[in-house]
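# Geometric and topological summary
Each chain, letter by letter, is given below.
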Amino acid sequence: MTLQPKALHSRFGRRLLLLFVGCALVPIAVVAIVAYRHVSRHLLTQSEARLHQASKAFGSAVFERLLLLDATLKSIPPQAVLQLAATHRAAARSADTVPPPPSAALDGRVLLGGVPGRTSAAQAQRPPAAGDRTASRTLVAGLDLLTSRRFVALEFVRDDRSRIPLFGRLERLPRLDPADSADLALGLPLVTSENEEGRPARLYLVRRIDRRGGVRGHFVGEISPSYLWGTLDQSMPSAATQVSVVDDSGHVLFRSTPARQAAVDELIPRPAALEPGDSLPAGVPLVTSAWPLVLDEVFAAPTWNLVLGQSRDEVLAPMAPFTRTFLLVVLVSGAAVIVLSLHQIRMSLRPMYQLREGTGRIAERDFSSRVAIRSGDEFEELGASFNAMAAQLGRQFQALSTAAEIDRAVLSTTDASEIVSTLLSRVRDVYPCSMVSVTLVAPDGAKSLPSIVHDYGDDCRVQVRVDLRSPDVQDLLDGPEELVYDPDEPEPLPSYLAPLVQRGARCLFVLPLRFRRQLVGVIALGDRGDAPPHADDRVQVRRLADQAAVALANARMLQQVRTLAYYDSLTGLPNRLSYKERLTRALEQASRSGRKVAAFFIDLDHFSRINDTLGHEAGDQLLQQVAARLRLSCREREDEVGLAAHALDPEVARLGGDEFTVIMPGLSDPQDAAKLARRILSSLAHPIGLGGHEVFVTASVGIAVYPEDGKDIDSLLMHADTAMYKAKEQGGNSYQAYSRSMNATALQRLTLENALRRALDREEFEVHYQPIVEAAAGAPVAAEALVRWRHPELGLLLPSEFIALAEENGLIVPLGEWVIQRACAQNREWQRQGIQPVRVVVNLSSRQLSRGITDTVGRILQETGLDARYLGLELTESVLVNHQKEGTDILHALRAMGLHLSVDDFGTGYSSFSYLKHF
């Protein structure tokens, strides 16, 4: 049947189509994009360069016009100002009005003027003559001609604040601050601006005139925008270029067409502080450039920033034809690639469909069908290889089925003997042979091993003892995975092959069973013919041997795991799990027989000292010798009391660490348990040698008897543990039988400990103060702070009932800090009430004697405001002796703070006067 595959219906075809299209279009797109970006970047760079040159030229033109404006003011003769002033006064008198002086101050800054004029009164009152009027008109006409194109208005403001219009009239005068007045006094022309909301900025040029003969004041001219910015169109790259001028305070002095200037205004820095040549960031609608116009070299004026912008669309307009051409090329190329790709994909998919159908037939275990591919390329070679593979798979499938059955049989069991039996009975189904032998290697390294031989000729199985030599083991470990021997060769054969040779084997095939660099066993296959083994059969039997090696290794490991799970690796005694199972069986037997069972809990006294002084290796040796003595004492039948019952058979186990247990079943008299306890303590009384040291070890033994002390494992072990701790409280090296009073005491202690953890939060503690009186004067000199616990159920408890418990669980640290804080606060309160200041003394526990105590005491003194000399700390003698090294530094730090230190119970321990001298 001829297949007509459709390219787009195949996932592979779709991926191949995408690949072809991508390989064709992606390079075109990449080249176009790179070219587009390169040309665009070049156009933008050119535009920025033009804008930069234009801004520089525009700034130079504006600067030259400012210089020309200043030169215009300097060219006005003072006599003309006087003549205009006289004309102005005459006009004012004729109108019977005198113009009031302009306002002199605004926002606390002085306007122009401030120095009284020096013109004489006669000159001021004299009316101008006819010739003067003619000269004045001629002068005014000349000034108008000189300044009309450059200024909107020009006035002379005298120091007496009178204004003389030279050309036009100013709507308002600029405001000057003291710094501006100082610059004007130095002769510098001032360029300033006035900004109003919604109106263009007004620019003013101010120059100080200070001449003898009465001309003292300022020329103030409002600069004409058309004159100052008049060359804007001539210096710009294009008519659409947008321009803004701002000062260093961010005020806009000039802008081009407002409707198109919004984008430029967003780019103006506020305040602008740009260097020559700077450009604003890209990625905006405009291509911009800025140029600072520095005026302070000639004028008293801030720096102006010229910002020029040009539309990106205008800059990139030459790229539009390229874009249209690029899109057309991509469309045509893509169409051609798709047509050619579909044709090639259809030709490639036809043999692939045939191979897919052939693979499906093989999946259905049809190995006889073949594929027919006539493409004349690699697909045809692939079809031939596929047919050869199908034939090979057909031959191997039967062998694999048989091997899988053997694998399941081998791997489904964890018994080594069952694994060997399966191998002997089924290995012939995988590898044709006359006989087979399996020899297992013992994990303990034994050299004499049993070898089991199965002869398929007479269907018999025998077991023969063989000697496995060390060279043979080494050859099996380091040699190849398969060994072939010929009995006719002169070389000696390994000893484990002797049973097969004796039965007439002519060709021997050996498979070492190795797992993780260990030899588990050997499989030897013998054939009475001379034909060597087939390669495929060797592969199958090798795989079977690997599975057998894994199964045998797992069986061995499981046996080791069982040993580790139930026995202690250090002492060889049963562990906790084994102990509980044995105790369970003992309790079941005792329940049926009506006898008793004693559970011993044994803990070595001060065992940690051995590890701390002699090391953990010595501690392990000690545990091993203690375990040996416990075994020996439990096997003995006689002691100092008398003959024990013959039914007793104690079992020793190790729970972990230095804890051991003993099960004593079949008891009729509980006193027999006491006899065994005394025998155990006696066995441990003799010294134990550890690496040249003789060590004496003692133990505390707790005994609980079934059923009186517990009817289940957990309660029996718990009560034995309670009795053991009771023996430890009595000093150790003793045994103690469980009683119900022990459980009550332990429960009371647990209840008290739980209540103690919440007592501080519930504010159940109280501080009582015991006065310390000086014997000679009979006056109190201090007070000792004593903590009491007002238990809600037990009433007031003394420190002896809870302090030791607080030290054990660590609660003594927050409790001691609370007592110090309350004592300091109370002492400070007494002082506020006018009571004679005394020192309050607080007892310090050994757990509190750490480097953090200085910070704690310092913080409490600072919070309560108590002077350090009114606080004392009292330490017991044992605390000082046990903390000599670090305690000295802490005591020095506390003493340096000004605290009073004292020693309690001195002489009751191991202290002496030398310690007092030391501290």
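For clarity, every value in this text was computed on a predicted model and none was experimentally measured.

This part takes up the overall build of the protein. Counting its regular elements, the protein contains 27 helices and 30 strands. Going through the 919 residues of the protein one by one, you find that 42% of them count as buried. Considering only residue pairs separated by 6 or more positions, the protein has 65% of its internal contacts joining residues 24 or more positions apart. Accessible area for the protein stands at about 48,900 Å²; split by element, carbon and sulfur atoms hold 54% of it.

The element strand β4 (residues 163-167) is extensively covered by neighbouring structure, given that 4 of its 5 residues are classed as buried. As judged from the 4 bridges shared by strand β3 (residues 151-158) and β4, these two strands associate in the antiparallel manner. If you follow valine 157 over to β4, its bridge partner there is arginine 163. From the end of β3 to the start of β4, which pair antiparallel, there are 4 residues, and arginine 161 there has a positive phi angle of about 70°.

In this section: the nonpolar core. Counting 47 residues, the largest nonpolar core has Leu66, Trp229 and Trp304 as the members making the most contacts within it. Top element by residues in this core is helix α1 (residues 11-75). It accounts for 10 residues. If you look at the next biggest cluster of nonpolar residues, it comprises 39 residues, including Ile812, Leu849, Leu866 and Leu873.

To continue, consider unusual backbone geometry. With an omega of 5°, the peptide bond between tyrosine 706 and proline 707 qualifies as cis. Along the chain, the position of proline 707 falls in the loop between β23 (699-706) and α20 (713-729). Even without a glycine there, the phi angle at histidine 606 is positive, about 55°. By the element assignment, histidine 606 lies in the loop between β18 (596-604) and α17 (608-614). Positive phi values are uncommon outside glycine, yet glutamate 763 reaches one of about 55°.

Here we come to the packing of helix α16 (residues 576-593) against α20. Helix-helix packing is characterised by the crossing angle of the two axes and by the distance between the axes. Axis separation between α16 and α20 bottoms out at 11 Å; the angle between their running directions is 110°. Relative to α20, the element α16 lies roughly perpendicular. Seen from above, α16 lies across α20 with right-handed handedness. Contacts from Tyr579, Lys580, Leu583, Thr584 and Leu587 in α16 reach Ile713, Leu716 and Leu717 in α20.

We now examine the packing of helix α23 (residues 812-832) against helix α24 (residues 852-864). It is the contact of α23 with α24, at a shortest axis distance of 10 Å, that shows an interaxial angle of 30°. Classified by the interaxial angle, the pair formed by α23 and α24 is roughly parallel. The chirality of how α23 crosses α24 is right-handed. Contact residues: Glu817, Ile820, Gln821, Cys824, Ala825, Arg828 and Arg832 in α23; Thr856, Arg859, Ile860, Leu861 and Thr864 in α24. Partitioned by chemical class, the residues of the contact of α23 with α24 number 5 nonpolar, 3 polar and 4 charged.

So, about a nonpolar patch on the surface. Taken together, the side chains of Val26, Val30 and Val34 present a nonpolar region at the surface, about 240 Å² in accessible area. With respect to the helices and strands, valine 30 occurs in helix α1. When its relative accessible area of 44% is taken as the criterion, valine 30 is described as partly exposed.

Taking burial as the measure, the 9 residues of strand β6 (residues 202-210) include 8 buried ones, the bulk of the element. In this structure, strand β5 (residues 190-194) lies alongside β6, joined through 5 bridges in antiparallel fashion. By the bridge assignment for β6, valine 191 is matched with leucine 205. The pairing of β6 with strand β7 (residues 216-223) spans 7 bridges and is antiparallel. Counterpart to valine 206 in the pairing with β7 is valine 220.

Let us look at the packing of aromatic side chains. What the rule picks out here adds up to 9 aromatic pairs. Ring centres 6.2 Å apart and planes at 85° place the aromatic pair phenylalanine 63 and phenylalanine 299 in the edge-to-face group. Of the two residues, phenylalanine 63 is situated in helix α1 and phenylalanine 299 in the loop between β10 (286-293) and β11 (304-311); the sequence distance between them amounts to 236 residues. The class of phenylalanine 63 is buried, set by a relative accessible area of 18%. For phenylalanine 299, a relative accessible area of 1% puts it in the buried group. With a centroid separation of 6.2 Å and 50° between ring planes, the pair formed by phenylalanine 765 and tryptophan 818 is classed as tilted. Remark: tryptophan 818 occurs in helix α23 and phenylalanine 765 occurs in strand β25 (residues 765-773); sequence separation between them is 53 residues. Following the ring pairs from residue to residue traces out a cluster consisting of Phe58, Trp229, Phe254 and Trp304. Over the face of the ring belonging to tyrosine 227 we find arginine 65, whose NZ or CZ atom lies 5.8 Å from the ring centre.

What follows deals with the sheet that holds β10. Strand order in this open sheet of 4 strands is β9-β8-β11-β10, and the pairing throughout is antiparallel. Either end of the sheet is taken by a strand with one partner, and the two such strands are β9 (252-255) and β10. Strand-to-strand, the axes of this sheet are offset by a mean angle of 15°, without reference to chain direction. Both strand β8 (residues 242-247) and β11 contribute to a ladder of 6 bridges, which runs antiparallel. If you follow aspartate 247 over to β11, its bridge partner there is tryptophan 304.

Relative to the assigned elements, methionine 664 resides in strand β20 (residues 659-667). Residue classification places methionine 664 among the buried residues on the basis of a relative accessible area of 2%. Sequence separation between methionine 664 and lysine 596 is 68 residues, and the spatial gap between their C-alpha atoms is 8.6 Å.

So, how was this worked out
- Think of each chain on its own: its residues are numbered from 1, step by step along the sequence as written.
- It should be noted that, the model being predicted, local features are given only for residues of pLDDT at least 70 and side-chain atom pairs only at 80 or more, the latter also being counted only at that level, while totals for whole chains, interfaces and linings use all residues.
- To obtain the side-chain values, all non-hydrogen atoms of the structure were included, while hydrogens and water were left out.
- Put simply, DSSP H or I for four residues or longer makes a helix, DSSP E for two residues or longer makes a strand, and each gets a number counted from the N terminus.
- The buried label applies to any residue whose accessible area, calculated with a 1.4 Å probe on protein chains only, is under 20% of its type's maximum; exposed applies above 50%, and partly exposed to all values in between.
- Working rule for contacts: check all heavy atoms of both residues, and any pair within 4.5 Å makes them a contact.
- Residue burial considers only the protein chains on display, and all accessible areas are found by Shrake-Rupley using a 1.4 Å probe.
- Strand pairing is assigned whenever DSSP detects at least two bridges linking the two strands.
- Side-chain atoms within 4.5 Å are what join buried Ala, Val, Leu, Ile, Met, Phe, Trp, Tyr and Cys residues into a set we call a nonpolar core.
- Between the N-to-C directions of two axes lies an angle of 0 to 180 degrees, each axis being a line fitted to C-alpha atoms and, for a helix, fitted only over the stretch in contact.
- Should an angle lie under 35 degrees it is considered roughly parallel, over 145 roughly antiparallel, and from 65 to 115 roughly perpendicular; all remaining angles are considered oblique.
- Each crossing is labelled by how the near helix is turned from the far one, with a counterclockwise turn of less than a right angle marking it left-handed and a clockwise turn marking it right-handed.
- Residues are grouped as follows: Ala, Val, Leu, Ile, Met, Phe, Trp, Tyr, Cys and Pro are nonpolar; Asp, Glu, Lys and Arg are charged; all remaining types, including Gly, are polar.
- Like charges are joined within 9 Å and nonpolar side chains (Val, Leu, Ile, Met, Phe, Trp, Tyr) within 5 Å, but only among residues with over 30% relative accessible area and no salt bridge; these make up the patches.
- For this document, the term salt bridge refers to a Lys or Arg side-chain nitrogen within 4 Å of an Asp or Glu carboxyl oxygen.
- Under the pairing criterion, centres of Phe, Tyr and Trp rings, with the six-membered ring standing for Trp, must be within 6.5 Å; the plane angle then separates stacked pairs below 30 degrees from edge-to-face pairs above 60, leaving the rest tilted.
- Counted as over-ring charges are cases with an Arg CZ or a Lys NZ within 6 Å of the ring centre that also lie within 35 degrees of the ring normal.

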